[in-house]
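# Understanding the architecture of this molecule
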Amino acid sequence: MASAAEQLPQAGGVKRRGKAQYVQAKRARRGGGGGPRQLEPGLQGILITCNMNERKCVEEAYSLLNEYGDDLYGPEKFIDKDKQPSGSEEEEDDAEAALKKEVSEIQASTELRLRRFQSLESGANNVVFIRTLGIEPEKLVHHILKDMYTTKKKKTRVILRMLPISGTCKAFLEDMKKYAETFLEPWFKAPNKGTFQIIYKARNNSHMSREEVIKELAGIVGCLNPENKVDLSNPQYTIVVEIIKAVCCLSVVKDYMLFRKYNLQEVVKTNKEGSQPNPGHDAQARNGNKAKLEFGDTEKENLKSKKSDSAEEKINPKVIVEGSKEEESLGESEKGAKSENGSQVMEGSKSNESDLVLEKN
């Protein structure tokens, strides 16, 4: 029986594959497109939040990013495999040169498979990370939001917020401090300066403290240039800190409050519909409010004076000064009324007495 069972696979020509072979094949398929497949340190890209539909979010992100990416950087160029760089046909005796050649060919073939935008696994629900290659994420996202803010044309249904990520590092305080010291220099190192605020958000991470991270980053910004000041109402720069699992995503963006916290659904609304006013019109609004207040104060004063005059007119006729002619006239009328009443009483008493005399007789 055993020999027959052993001969069956050989007769059929089918060999059972081990579990390790399936795992290797799966990894090969996932890595066949080139580059990482999940969020990790050392990447640049765009962090996108959505509303319960990640697949639709990725489709909208590709469409939107390709549209504005072609506008800023031109159409994406692809290199044919036939045009790959090839070495000379002569054999090289130097082993080091041959190794460098092989490495460069591997890198060239990998770059051919990389696209300008590539969706990666973010590690959090309702969050999509789009890795970018050869572009500036903050410049592209700012261009998208500026156009949508100007035209008020809604172009997405599922995408909520779109945040550029200029760099990623490990989500540990010491690693973040070391990385931020060089990362923040282009914006805050002297002679550069500006007002700033820090926005912090952590997902699937419990070992980081929000207060400690904000305190350390604010200290680094202050050390780069003491003239950097905090402004929470309308800052010039906003430092975005997004932590997902063990990866920290950092970026520095402009017009964060003007573009409704980089929310694509809110930025297309008018100022009346939006929850936040346009910071560019704050001065005009304040001047208008001051004028209205001044005008309102003058109206209130006029109304008060009118009310006081009318009150005096109503009160004065009722007020009678003692010893005046009005009092004397009123006294005489009251005396006349009393005398008339007295005469009526006297006449009544006389008639009663005459009746009594007649009854006695």
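Residues numbered from 1 in each chain as written. Predicted model: local features only at pLDDT ≥ 70, side-chain atom pairs only at ≥ 80, totals over all residues. Heavy atoms only, no water.

The subject of this paragraph is the overall build of the protein. When its secondary structure is counted, the protein shows ten helices and nine strands. By residue count, 29% of the 361 residues in the protein fall in the buried class. Within the protein, counting contacts between residues at least 6 apart in sequence, those at least 24 apart form 75% of the total. Surface summary for the protein: the accessible area is close to 24,900 Å², and the carbon and sulfur share equals 51%. (Helix = DSSP H or I, 4+ residues; strand = E, 2+ residues; numbered from the N terminus. Buried < 20%, exposed > 50% of the residue type's maximum accessible area, 1.4 Å probe, protein only. Contact = heavy atoms within 4.5 Å. Areas by Shrake-Rupley, 256 points an atom, 1.4 Å probe, with all protein chains shown as cover.)

The geometry of helix α6 (residues 173–183) relative to helix α8 (residues 210–224) is characterised by a closest axis approach of 10 Å and an angle of 25° between their N-to-C directions. Taken together, the axes of α6 and α8 lie roughly parallel to each other. The crossing of α6 and α8 is right-handed. Residues Leu173, Met176, Lys177, Ala180 and Glu181 of α6 form the contact with α8, whose participating residues are Glu212, Val213, Glu216, Leu217, Ile220 and Leu224. Tallied by class, residues from the contact of α6 with α8 come to seven nonpolar, no polar and four charged. (Axes fitted to C-alpha atoms, helices over the stretch in contact; angles between N-to-C directions. Parallel < 35°, antiparallel > 145°, perpendicular 65-115°, else oblique. Left-handed = near helix turned anticlockwise from the far one by under 90°. Nonpolar A, V, L, I, M, F, W, Y, C, P; charged D, E, K, R; others polar.)

On to the confidence of the model for the protein, then. When the pLDDT values of the protein are averaged, the result is 76; 58% of them are 70 or greater. When mean pLDDT is compared element by element in the protein, strand β8 (residues 237–244) scores highest at 98, while helix α10 (residues 325–360) scores lowest at 46. Within the model, the stretch residues 23–33 combines pLDDT values under 50 with six contacts to residues more than four positions away or in other chains. The low-confidence segment residues 80–92, where pLDDT is below 50, has eight contacts with residues more than four positions distant or belonging to other chains. (pLDDT = per-residue confidence, 0-100.)

Taken in spatial order, the four strands make up an open sheet running β2-β3-β1-β4, and their pairing is antiparallel. Edge positions in the sheet fall to β2 (117–120) and β4 (159–165), since each has one partner strand and no second. Averaged over all neighbouring strand pairs, the angle between strand axes comes to 25°, with direction disregarded. Two strands pair when backbone bridges link them, and strand β1 (residues 45–50) and strand β3 (residues 127–132) are joined in this way by five bridges, in the antiparallel orientation. (Pairing = 2+ DSSP bridges.)

With the rule as written, the count across this model stands at eight salt bridges. A salt bridge links Lys155 to Glu67; the nearest nitrogen and oxygen atoms lie 3.2 Å apart. Of this pair, Lys155 sits in the loop between α5 (137–151) and β4 while Glu67 sits in helix α3 (residues 54–73); the two residues are 88 residues apart in sequence, bridging distant segments of the chain. Classification of Glu67 as partly exposed rests on a relative accessible area of 41%. Salt bridges linked by common partners bring Glu67, Asp147 and Lys155 together as one network. (Salt bridge = Lys/Arg side-chain N within 4 Å of Asp/Glu carboxyl O.)

Its location among the elements puts Gln118 in strand β2. The exposure class of Gln118 is buried, given its relative accessible area of 19%. With residues near it in sequence (within four places) discarded, Gln118 still touches Arg37, Tyr62, Phe129, Ile130 and Arg131.

Counting residues in each nonpolar core, the largest one holds 33 residues, and the members touching the most others are Ile48, Leu65, Leu140, Ile144, Met162 and Tyr262. When contributions to this core are tallied by element, the ones reaching two or more residues are β1, α3, β3, α5 and β4. Core analysis: the next-biggest nonpolar cluster, separate from the first, contains 24 residues, Cys169, Phe183, Phe188 and Val241 among them. (Core = buried A, V, L, I, M, F, W, Y, C linked by side-chain atoms within 4.5 Å.)

Here strand β6 (residues 195–203) runs beside strand β7 (residues 229–230); their pairing, made up of two bridges, is parallel. The partner of Thr195 across the bridge, within β7, is Lys229. Chirality of the crossover, the property in question, places the unit of β6, α8 and β7 among those that are right-handed. As paired strands, β6 and β8 are joined by eight bridges and run parallel to one another. Following the sheet pairing, Ile199 is matched in β8 by Val240. (Right-handed = clockwise from strand over helix to strand, strands pointing away.)

Its 15 residues give α5 an end-to-end C-alpha distance of 21 Å, which sits within 8% of 21 Å, the value for a rise of 1.5 Å per residue. Taken together, the buried positions of α5 are Pro137, Leu140, Val141, Ile144, Leu145, Met148 and Tyr149. All buried residues of α5 fall inside an arc of 165° around its axis, so they share one side. Check the buried side of α5 and you find it contacts β1, α3, β2, β3 and β4. (Expected span 1.5 Å × (residues − 1). Arc of directions from axis to C-beta.)

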